[in-house]
Amino acid sequence: MARMTTSLSRAIAAKRDDLIALTQDLIRIPTLNPPGQDYRLICEYLDKRLRAHGFETQLIRAHGTPGDSEKFPRWNIVARRDGTQPGECVHFNSHTDVVEVGAGWTFDPFGADVSDGKIYGRGTCDMKGGLAASIIAAEAFLETHSAFAGSIEISGTADEESGGYGGVAYLAEQGFFDPARVQHVIIPEPLNKDRICLGHRGGWWAEIETKGEIAHGSMPFLGDCAVRHMGAVLSEFEDKLYPAMATRFTEMPVVPEGARQSTMNINSIHGGQKEQSEDFDGLPAHCVPDSCRITIDRRFLVEESLEDVRAEVTGLLEGLRETRPDFEYELTELNSVLPSMTDKAAPVVQTVHRAIEDVIGKPPEYVASPGSYDQKHIDRIGKLKNCIAYGPGILELAHKPDEYIGIDDMVDSACVMGAALETLLLPKTPE
């Protein structure tokens, strides 16, 4: 099928107000991660919505995954609607968690205010707007086509913002993304309505602790300052690691341009005495710090190996151990993710390509994401390669104050998703 049917286009257009209301409802459920708030509540909301449109649903708790507890259980929903005859399954996966609000907002982060054709709020762009668009696309498709082959699945999953281990990773381990069960996956992450995201860079996260010896602050020569040792580590990074990374570029179409090179962010640094509560008005004790810790976030390219990334950092640390008196450190790896990249010739890529040309009126740009998202688990654990990210929203707005989603962009993306469903689930007709 080359073009979206007029009946489906009209059905999606008629649901514009419903799309706005659905997005607002989702935003008003403050699914903050950490700690993992209201995951059950948003799954129950989606359960009621999707059951009303004929989906069979499962609410699945990811027992024992990082962060899962009785206070903050990791809940996910998987909804499925089977067609009238056998065929392939198209799965729309969206994460339901959002990051902390942060400072600088001029709109209520959970008010879902509409202004100038945009809906504002934490998670509008990343990625509840995409979730809403996929639901509207599926519902309009089902209303337009009572008979179709195969199945449609929609999932709302936990913890993508903290690695996805209580969400897609858990579901993949349980077989939900087995290629024998699901054939096409579209993740509505905010990469813009005229782009297809094929994959993402790799990541390596580690904590480095430098060791010292506590002593009285008036006699620092009787101790050993761990913060000064960490200063030497940071100096090595500035003088050697950052210049080396700046020379490496990838052939992957990573956006924005600055992410086409290797990067590293220092997430945090903690040394010496712990910070006291805000109501403490006393003075600090006079001590030489015996510990200093940093957390590093190293994003690497498909042209680099994880082993080399590790070795580059440990090599600098070992060099300091040999040359700096009394330098001792401990490195703890926190997590690692390998790069993922779907082939441009994959069926879901070509289908969405044609749908974008039809709806938007121009061929899509192929991109890769600077950060990882849940494709990594569908690829590595589920062994399902036919997966892309496609959804409304501007990537650079993610995690920012006054995050928003454009309403027209959601409608257009829903049309693209609907056109893809027609191509994949309706009988082929002669060109």
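Structural data are supplied above this passage.
Small disclaimer: the values here were computed from a predicted structure and weren't measured.

S.K.: Would you take a moment to explain the packing of aromatic side chains for this structure?
M.R.: Two measures describe an aromatic ring pair: the distance that separates the ring centres and the angle between the ring planes. The tally for this structure, following the rule as stated, stands at 4 aromatic pairs. A centroid spacing of 3.9 Å and a plane angle of 10° characterise the contact between Phe107 and Tyr120, whose relative ring orientation is stacked. With Phe107 in the loop between strand E3 (85-95) and strand E4 (114-115) and Tyr120 in strand E5 (residues 118-120), this residue pair connects regions lying 13 residues apart in the sequence. A relative accessible area of 22% means that Phe107 is categorised as partly exposed. Ring centres of Tyr120 and Tyr404 lie 5.4 Å apart, and the angle between their planes is 50°; this geometry places the pair in the tilted category. One end of the pair, Tyr120, is in strand E5; the other, Tyr404, is in strand E16 (residues 404-406), and 284 residues separate them in sequence. The pair Tyr120 / Tyr404 is uniform in exposure class, with both members buried. Cluster of aromatic residues (ring-pair linked, three or more members): Phe107, Tyr120 and Tyr404. One cation-aromatic arrangement involves Arg40 over Trp75; the distance from NZ or CZ to the ring centre is 4.4 Å. Here the basic side chain of Lys118 rests over the ring of Tyr404, its NZ or CZ set 5.3 Å away from the ring centre.

S.K.: It is not clear to me how the sheet that holds E4 should be interpreted in this structure. Could you clarify?
M.R.: By way of backbone hydrogen bonds, the strands of a sheet pair with one another, either parallel or antiparallel. Taken together, 3 strands build an open sheet; the order of strands is E4-E5-E16 and the sheet is antiparallel. Where the open sheet ends on each side, the last strands, each with one partner, are E4 and E16. In this structure, E4 lies alongside E5, joined through 2 bridges in antiparallel fashion. Residue Val114 lies in a different strand from E5, and its bridge partner there is Ile119. Against the sheet, helix H2 (residues 16-27) engages E4, E5 and E16, with an angle of about 15° to E5. Against the sheet, helix H10 (residues 407-425) engages E4, E5 and E16, with an angle of about 60° to E16.

S.K.: Can you help me understand the sheet that holds strand E10 (residues 263-271) in this one?
M.R.: As summarised here, the arrangement of the 4 strands in space is E10-E11-E9-E12, forming an open sheet in which the pairing is antiparallel. Taken across any chain shown, the strands that pair with only one partner, and hence form the sheet edges, are E10 and strand E12 (329-337). Across the sheet, the axes of successive neighbouring strands diverge by a mean angle of 15°, strand direction being ignored. In this sheet, E12 lies alongside strand E9 (residues 202-211) in antiparallel orientation, the contact comprising 8 bridges. The partner of Glu209 across the bridge, within E12, is Glu330. Across the sheet, helix H7 (residues 306-323) is in contact with E9, strand E11 (291-300) and E12; its angle to E12 comes to roughly 170°.

S.K.: Hey, could you run me through the pattern of salt bridges in this one?
M.R.: Oppositely charged side chains can pair when the atoms bearing their charge come close. Counted under the stated rule, the structure contains 30 salt bridges. Between Asp194 and Lys362 there is a salt bridge; the shortest N-O distance is 3.1 Å. Of this pair, Asp194 sits in the loop between strand E7 (184-187) and strand E8 (195-200) while Lys362 sits in the loop between helix H8 (347-360) and strand E14 (365-369), placing them 168 residues apart in sequence. Its salt-bridge partner being Arg299, residue Asp297 comes within 2.6 Å of it at the nearest N-O pair. Just as Asp297 is buried, Arg299 falls in that class too. Salt bridges sharing common partners tie together Arg80, Asp82, Glu153 and Arg181.

S.K.: Please clarify how the state of the cysteines should be interpreted in this entry.
M.R.: Scanning the model with the defined rule gives 0 disulfides in all. Cys225 carries a free sulfur, and the closest cysteine sulfur to it, the one in Cys292, is 8.0 Å from it. On the basis of relative accessible area, Cys225 is assigned to the partly exposed category, the value being 22%. Take Cys415: it sits in no disulfide, and the sulfur closest to it among the cysteines is that of Cys125, at 19 Å.

S.K.: Explain the side chain of Arg74 to me, please; I cannot follow it from the model alone.
M.R.: Examined against the element boundaries, Arg74 turns out to sit in the loop between strand E1 (56-61) and strand E2 (75-82). Note on Arg74: relative accessible area 3%, which makes it buried. In this structure the side chain of Arg74 is engaged in a polar contact, spanning 2.8 Å, whose partner is the side chain of Asp159.

S.K.: Could you clarify how one ought to interpret a nonpolar patch on the surface in this entry?
M.R.: A cluster of nonpolar side chains, namely Met219, Phe221 and Leu222, defines an oily patch on the protein surface of about 330 Å² accessible area. Here Met219 is to be found in the loop between E9 and helix H6 (226-245).

S.K.: Can you walk me through the environment of Thr5 in this structure?
M.R.: The topology assignment puts Thr5 in the segment before helix H1 (6-14). Separated by 417 residues in sequence, Thr5 and Glu422 have C-alpha atoms that sit 8.2 Å apart. Beyond its immediate chain neighbours, meaning those up to four positions away, Thr5 contacts His145 and Glu422. Looking at Thr5, its side chain comes within polar contact range of the side chain of Glu422, at 2.5 Å.

The rules behind these values
Throughout this description, residue numbers start from 1 for each chain and increase along the sequence as written. With the structure being a predicted model, the display of local features is reserved for residues of pLDDT at least 70 and the display and counting of side-chain atom pairs for 80 or more, all residues being used for whole-chain, interface and lining totals. No hydrogens and no water enter the side-chain calculation; it runs on all heavy atoms of the structure. Pairing of aromatic rings covers Phe, Tyr and the six-membered ring of Trp, with a centre-to-centre limit of 6.5 Å; geometry is then stacked below 30 degrees between planes, edge-to-face above 60, and tilted otherwise. Counting from the N terminus, the helices are DSSP H or I runs at least four residues long and the strands are E runs at least two residues long. The rule is simple: take the accessible area with a 1.4 Å probe, protein chains only, and divide by the maximum for that residue type; under 20% is buried, over 50% is exposed, in between is partly exposed. Two limits define a charge over a ring: the Lys NZ or Arg CZ must be within 6 Å of the ring centre, and within 35 degrees of the ring normal. Pairing between strands requires that DSSP locate at least two bridges from one strand to the other. Should any heavy atoms of two residues lie within 4.5 Å, those residues are considered in contact. Working convention: axes come from line fits to C-alpha atoms, limited for helices to the stretch in contact. Angles between N-to-C directions cover 0 to 180 degrees. Salt bridges are defined as contacts in which a side-chain nitrogen from Lys or Arg sits within 4 Å of a carboxyl oxygen from Asp or Glu. To count as a disulfide, a pair of cysteine sulfur atoms needs to be within 2.5 Å. Nitrogen and oxygen atoms within 3.5 Å of one another constitute a polar contact, given that in protein one can donate a hydrogen and the other can accept it, and given that sequence-neighbouring residues count only through two side-chain atoms. What goes into a patch is any residue over 30% in relative accessible area without a salt bridge, connected to like charges within 9 Å or, for nonpolar side chains (Val, Leu, Ile, Met, Phe, Trp, Tyr), within 5 Å. Accessible areas in this description were obtained via Shrake-Rupley with a 1.4 Å probe; residue shielding takes into account the shown protein chains only.

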